[in-house]
Amino acid sequence: MAGVTLFEVGPRDGLQNESVLLSSEDKVFLVEQLMDAGLTRIEVSSFVSPRWIPQLADAEEVFRQVQRRPGVELSALVPNEKGLERALACQVDAVAVFMSASETHNLKNINKTRVDTYPVLAPVVTAAKAAKKSVRGYVSTAFGCPYEGEVAITEVIEVSMRLFGMGIDELSIGDTIGVAVPTQVEALLAEMEKQGIPLERIALHFHDTRGTAVANAYAGYQAGVRIFDGSIGGMGGCPYAPGASGNVSTEDLRYLFESMGVTTNTHLDKLRDAARWLSQRLQKTLFSHDSQVAHAMTWAEGESEPQ
């Protein structure tokens, strides 16, 4: 069976929603653990204003300290041209731009309508490509919005086509509040193919609010997607999506695919070590199913709970 790429978003999408602030040194150590586990695409931080995401205010320092490795892409989220300038100064390997399929969520998230967002993102994509950086786009609330409810496939397609028209290389489709089920995933991907969007340029980004993330990933794989976003330990959520739980965990995705005979080129024991270390730093048990099983087993063996 064809292998998949696990795209790690924990250091950015995961940490931005945590109340405990990690030091820059801890963030660097986390990224290094993830590289040790075999992950080759890692979203390290975000160059948004520290006023909006104080957890990621040290993006420059983290990129300055992290040791680059051959074959590993370290990327960052950028909201506008100013953010891109900061990212390029840090020698990021790739950048990502973002918007929502839902009008209300887009307004809550970036204080702009979708129509007003396109002119902000287009020059970012153009400048990043001119700097020879690959560009990923994110479409949030692709299956449901905390404010509007179900989001029509036509809305997702419209936003996706506009982003590809700007020149992005890859598009990550996000189930921001974790409401999707496999039939919805199948329907959206079928329509994307019908509209001429190649699935090899699509990634899927699921949240596990209702426990359907792994099933949705399987549906995406069956449809032809080969890139899946995961967050170590299942960290995350969305500050502008009330009720959203963490991302599907990287360990759960790894377990799913490798158990199916689909290669990920990652090491489950090292992913578990990183998740365990992180749970101690965040002072809580992490959301992933794998981490909960590991936590229960170590507790039963007499080890202390995370301090």
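To keep things clear, this report deals only with the structure shown in the data block.

Criteria and cut-off values
- Residues numbered from 1 in each chain as written.
- Predicted model: local features only at pLDDT ≥ 70, side-chain atom pairs only at ≥ 80, totals over all residues.
- Heavy atoms only, no water.
- Phe/Tyr/Trp six-rings, centres within 6.5 Å; stacked < 30°, edge-to-face > 60°.
- Lys NZ or Arg CZ within 6 Å of the ring centre and 35° of its normal.
- Salt bridge = Lys/Arg side-chain N within 4 Å of Asp/Glu carboxyl O.
- Helix = DSSP H or I, 4+ residues; strand = E, 2+ residues; numbered from the N terminus.
- Buried < 20%, exposed > 50% of the residue type's maximum accessible area, 1.4 Å probe, protein only.

Details of the packing of aromatic side chains
With the rule as written, the count across this model stands at five aromatic pairs. One aromatic cluster is present, built from ring pairs that chain together Y221, F228 and F257. Positioned above the aromatic ring of Y118 is the side chain of R162, whose terminal nitrogen or guanidinium carbon lies 3.9 Å from the ring centre. Lying across the ring of Y221, R226 places its NZ or CZ 3.8 Å from the centre.

Digging into the pattern of salt bridges
For the structure on display, the rule yields 17 salt bridges. For E73, the salt bridge identified is with R41, shortest N-O distance 3.2 Å. Of the two residues, E73 sits in strand β3 (residues 73–77) while R41 sits in strand β2 (residues 41–46), which places them 32 residues apart along the sequence. By the burial criterion, E73 is buried, and R41 matches it. The partner of E170 in a salt bridge is R41, with the nearest N and O atoms 2.9 Å apart. With E170 in strand β8 (residues 170–175) and R41 in strand β2, this residue pair connects regions lying 129 residues apart in the sequence. Across this residue pair, the class does not change: E170 and R41 are buried. The structure contains a network of salt bridges with shared partners spanning R41, E73, R136, E170 and D229.

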